[in-house]
Amino acid sequence: MKRFLILSGLFLMGVGIQLSAKELRMVVFKVMQMECPNCEKKVKKNITFENGLKGLETDLKKRTVTITYDAEKTSVKQLKEGFAKFEYDAKVISDKKLENDSEN
């Protein structure tokens with residue numbers, strides 16, 4: 001019985017670790033309204049507060065915004081709605097799953 005309880009506990013801990021692994025994704029948006037340094041600051045200031053955001057990079061020359069996000073907390077649709085809040089239109093260029101270091 002003691003052995004069963006120990007093995008059950010270890011199994012449940014393993015399942016808990018697996019369930020807590022986040023699904024990180026990276027989406028790249030084309031944002032045509034981002035045409036000057038002030039526009040870039042506006043994007044950074046506003047998008048930073050979106051749920052699930054883990055990283056944000058902008059490229060003013062290419063007019064792109066790259067966002068790393070937790071797919072369990074937000075979605076591409078919600079991020080696009082975040083841009084719409086300050087009247088910017090964000091078109092998805094790519095959206096891909098990132099390798100999670102905790103799985104290795």
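Residues numbered from 1 in each chain as written. Predicted model: local features only at pLDDT ≥ 70, side-chain atom pairs only at ≥ 80, totals over all residues. Heavy atoms only, no water.

## Thoughts on the side chain of Arg 25
Then step 1. Examined against the element boundaries, Arg 25 turns out to sit in strand E1 (residues 24–31).
Then step 2. Residue class for Arg 25 comes out buried when judged on its relative accessible area of 18%.
Then step 3. Within polar-contact distance, the side chain of Arg 25 engages the side chain of Glu 23 at 3.3 Å.
Then step 4. In this view, Arg 25 contacts Ile 67, Thr 68, Tyr 69, Ala 71, Asp 95, Lys 96, Lys 97 and Leu 98; residues no more than four positions away in its chain are not counted. (Helix = DSSP H or I, 4+ residues; strand = E, 2+ residues; numbered from the N terminus. Buried < 20%, exposed > 50% of the residue type's maximum accessible area, 1.4 Å probe, protein only. Polar contact = N/O pair within 3.5 Å; in protein donor to acceptor, adjacent residues only side chain to side chain. Contact = heavy atoms within 4.5 Å.)

## Some details on the pattern of salt bridges
Then step 1. Enumeration according to the criterion identifies four salt bridges in this entry.
Then step 2. Close ionic contact of Asp 95 with Arg 25 constitutes a salt bridge, the shortest N to O distance being 3.3 Å. Placement of Asp 95 in strand E4 (residues 90–97) and of Arg 25 in strand E1 is noted, with a sequence separation of 70 residues between them.
Then step 3. Since its relative accessible area comes to 33%, Asp 95 is described here as partly exposed. (Salt bridge = Lys/Arg side-chain N within 4 Å of Asp/Glu carboxyl O.)

## Considering the environment of Glu 50
Then step 1. Relative to the helices and strands, Glu 50 is located in the loop between helix H2 (37–47) and strand E2 (53–59).
Then step 2. Residue Glu 50 is classed as buried on the basis of its relative accessible area, which comes to 15%.
Then step 3. Once the C-alpha coordinates of Glu 50 and Tyr 69 are considered, the two residues, 19 residues apart in sequence, prove to be 9.5 Å apart.
Then step 4. Side-chain polar atoms of Glu 50 contact the side chain of Lys 85, separated by 3.3 Å.

## Here's the deal with helix H3 (residues 76–85)
Then step 1. Looking only at H3, the buried set comprises Val 76, Leu 79, Gly 82 and Phe 83. Taken end-on, H3 shows its buried residues confined to a sector of 110°, consistent with a single buried face. In H3, the exposed positions angled more than 90 degrees off the buried face are occupied by Lys 77 and Lys 85.
Then step 2. Where H3 is buried, its residues meet E1, H2, strand E3 (64–70) and E4.
Then step 3. Among the residues trailing H3, Glu 87 stands out with phi positive, at a value near 65°. (Arc of directions from axis to C-beta.)

Function-wise, these values are silent; they only describe arrangement.
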